[in-house]
Amino acid sequence: MSLNKHFTFAAAATMTTLASLLVALAVPGHAFSQTSQAGTALAPGMPPVPDRNNLYSETVAGRLSPAVAGALERVYVPNRSANTVSVIDPATLKVVDTLKVGVDPQHIVPSWDLQTLWVANNAEGRTDGSLTPINPHTGKAGASIAVADPYNLYWTPDGRYAIVVAEAYKRLDFRDPKSMKLAFSIHTPDCAGINHADFSMDGRYAVFTCEFGGAITKIDLAQHQVLETITLSLYFDRPDVLALLAKPGKKPKRVADPAKSDATLNTAQGMPQDIRISPDGKLLFVADMVAAGLHVVDLEAFRQVGFIPTGIGAHGLYPSRDGKSLYVANRGSNKIRGTAGGKGSVSVLDFATRKIKTTWLVPGGGSPDMGNVSADGKYLWLSGRYDNEVYRFNTSSGAVDKLLVGREPHGLTVWPQPGRYSLGHTGNMR
């Protein structure tokens with residue numbers, strides 16, 4: 001590391017300590033409160049929940065934490081196949097820097113204290129995975145830390161641990177959030193392709209998607225154990241179909257519907273992707289790239305209660321800044337390795353009615369994947385996974401701007417974002 005970088009990151013460490021104090025000051029009773037204003041029992045040490053009806057009340061436009069003061073307004077795009085991060089100035093819509101990072105960068109993840117952006121380089125099929133820190137005040141990368149298979153990265157709601165999602169090993173590694181030294185692991189043998197996550201309102205549970213198992217798994221964060229894993233299905237309310245699909249043996253892509261003579265059934269196993277909790281904390285919405293829509297799950301009962309069609313390759317999920325809508329990025333393909341120019345789109349779900357209000361198409365085709373919403377809520381930024389580009393959707397009109405970036409852009413983040421703390425991914429803010 002150069003001398004300049006040494007001083008930059010030493011200063012960043014000081015800023016991290018200051019930021020933690022600012023978060024505590026901005027959240028009265030943070031260190032001691034175990035209940036929200038609504039009386040919901042919370043996991044020890046996590047910040048309170050100001051509005052029980054809207055978990056996203058602190059992520060509205062303009063509500064930036066003092067901890068992000070001085071951060072550059074940038075969009076950071078991990079280019080998986082190029083091993084780089086493209087840095088975009090949203091004011092000019094231009095790439096202003098390209099950072100060399102580790103192998104197979106997948107997601108850019110804001111730290112719990114909002115002071116570092118971590119690049120998750122999982123080095124797929126190799127053993128040299130790493131996490132690369134980016135200083136959001138300078139936009140520059142620091143020295144990478146060796147970490148086994150960090151496909152994704154989350155934080156416990158109290159900020160005590162980083163949760164490295166070691167997808168290939170079916171494992172969650174709980175690490176020190178600064179040094180990334182391993183503390184303990186939770187093995188998830190029934191969750192093939194453990195992937196994306198969201199957290200209960202009280203911070204006691206996390207639910208992860210199982211991309212290659214068509215399932216989701218619920219984790220008890222206090223007891224450090226898997227509670228239950230359930231399979232999701234288009235036919236969740238059809239026991240006859242579920243029994244048919246559960247029979248062993250290879251099946252054709254479609255089979256006759258036993259209850260409808262003129263209909264067929266899709267036999268493909270689902271491929272759950274991103275997951276997001278409803279504003280009131282009662283429901284989970286799970287994007288499924290194969291089922292082309294959202295599974296709806298009752299969190300407390302932990303059972304599927306609905307399915308909402310959206311578009312081909314439903315993938316990324318992002319709440320609007322007012323907490324009323326959920327943006328669904330439909331990648332335009334249900335294959336892991338898709339092709340350029342697909343039928344990519346964004347569906348806008350109304351949280352209250354669970355209805356799709358509108359759908360925005362990518363002009364000329366595209367592959368909207370993962371990203372987040374600008375701090376002012378006016379734009380939705382998404383990577384174009386198969387098209388080597390980034391999309392900026394106007395959230396009022398659906399109009400799209402395109403920018404070329406590196407090869408196979410994936411989980412980009414917009415920074416800064418409103419919120420008191422980050423739970424991980426590309427900015428799951430609370």
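See the structure shown above.
Only a predicted model underlies this, so the values are computations on that prediction, with no experimental measurement involved.

Caption draft 1: Local environment of the pairing of strand β21 (residues 293–298). With 5 of 6 residues buried, β21 lies mostly within the body of the structure. Pairing of strand β20 (residues 283–288) with β21 involves 6 bridges; the strand directions are antiparallel. Across the sheet, Leu 283 pairs through a bridge with Asp 298, a residue of β21. Where β20 folds back on β21, the antiparallel hairpin that results is connected by 4 residues, among which Ala 292 adopts a positive phi of roughly 65°. Between β21 and strand β22 (residues 303–309), which pair antiparallel and follow one another directly, the connecting turn spans 4 residues, one of which, Phe 302, has a positive phi of 50°.

Caption draft 2: Structural context of the packing of aromatic side chains. Under the criterion given, the structure shown has 11 aromatic pairs. Summarising the aromatic geometry, the rings of Tyr 56 and Phe 351 are spaced 6.4 Å apart at their centres and angled 20° between planes, so their arrangement reads as stacked. One end of the pair, Tyr 56, is in the loop between α1 (3–26) and β1 (74–79); the other, Phe 351, is in the loop between β25 (345–350) and β26 (355–361), with 295 residues separating them in the sequence. Take Tyr 56: its relative accessible area is 1%, and that puts it in the buried class. Taking 4.6 Å as the distance between ring centres and 15° as the angle between the ring planes, the aromatic pair formed by Phe 174 and Phe 184 counts as stacked.

Caption draft 3: Quick look at unusual backbone geometry. In this chain, Trp 415 is followed by Pro 416 through a cis amide linkage whose omega measures 0°. The topology assignment puts Pro 416 in the segment after β31 (413–415). Of note, Leu 114 is a non-glycine position whose phi angle comes to about 70°, a positive value. Assignment of secondary structure puts Leu 114 in the loop between β4 (105–110) and β5 (117–121). Exposure remark for Leu 114: the relative accessible area of 1% places this residue in the buried category.

Caption draft 4: Focus on the sheet that holds strand β16 (residues 225–231). Overall, antiparallel pairing links the 4 strands, which are arranged β13-β14-β15-β16 in an open sheet. Of all strands in the sheet, those with a lone pairing partner are β13 (194–199) and β16, marking the two edges. Geometrically, the sheet is characterised by an average inter-axis angle of 25° between neighbouring strands, direction not taken into account.

Caption draft 5: Region of interest: the environment of Tyr 154. In this fold, Tyr 154 is placed in strand β9 (residues 152–155). Separated by 94 residues in sequence, Tyr 154 and Val 60 have C-alpha atoms that sit 21 Å apart. Excluding anything up to four places from it in sequence, Tyr 154 contacts Tyr 161, Ala 162, Ile 163, Val 165, Asn 195, His 196, Ala 197, Phe 199, Phe 208, Leu 423, Gly 424 and His 425. Polar side-chain contacts of Tyr 154 include one of 2.9 Å to the backbone nitrogen of Ala 197.

Caption draft 6: Representation of the pattern of salt bridges. For the structure shown, the criterion picks out 19 salt bridges. For the salt bridge of Asp 97 with Lys 140, the shortest nitrogen-to-oxygen distance reads 2.7 Å. A residue pair is termed long-range when its members are at least 10 positions apart, and Asp 97 in strand β3 (residues 94–100) and Lys 140 in strand β7 (residues 140–141) qualify at 43 residues. The shortest N-O distance in the salt bridge between Glu 408 and Arg 337 comes to 3.8 Å. Here the residue Glu 408 occupies a position in the loop between β30 (400–404) and β31, and Arg 337 occupies one in the loop between β24 (325–330) and β25, the gap between them amounting to 71 residues. Relative accessible area serves as the criterion here: at 10%, Glu 408 is assigned to the buried category. The partly exposed category is assigned to Arg 337, whose relative accessible area is 46%. Among the charged side chains, a network of salt bridges with common partners joins Arg 80, Glu 124, Arg 331, Arg 337, Asp 369, Arg 385 and Glu 408.

What counts, and where the lines are drawn
Residues numbered from 1 in each chain as written. Predicted model: local features only at pLDDT ≥ 70, side-chain atom pairs only at ≥ 80, totals over all residues. Heavy atoms only, no water. Buried < 20%, exposed > 50% of the residue type's maximum accessible area, 1.4 Å probe, protein only. Helix = DSSP H or I, 4+ residues; strand = E, 2+ residues; numbered from the N terminus. Pairing = 2+ DSSP bridges. Phe/Tyr/Trp six-rings, centres within 6.5 Å; stacked < 30°, edge-to-face > 60°. Axes fitted to C-alpha atoms, helices over the stretch in contact; angles between N-to-C directions. Contact = heavy atoms within 4.5 Å. Polar contact = N/O pair within 3.5 Å; in protein donor to acceptor, adjacent residues only side chain to side chain. Salt bridge = Lys/Arg side-chain N within 4 Å of Asp/Glu carboxyl O.

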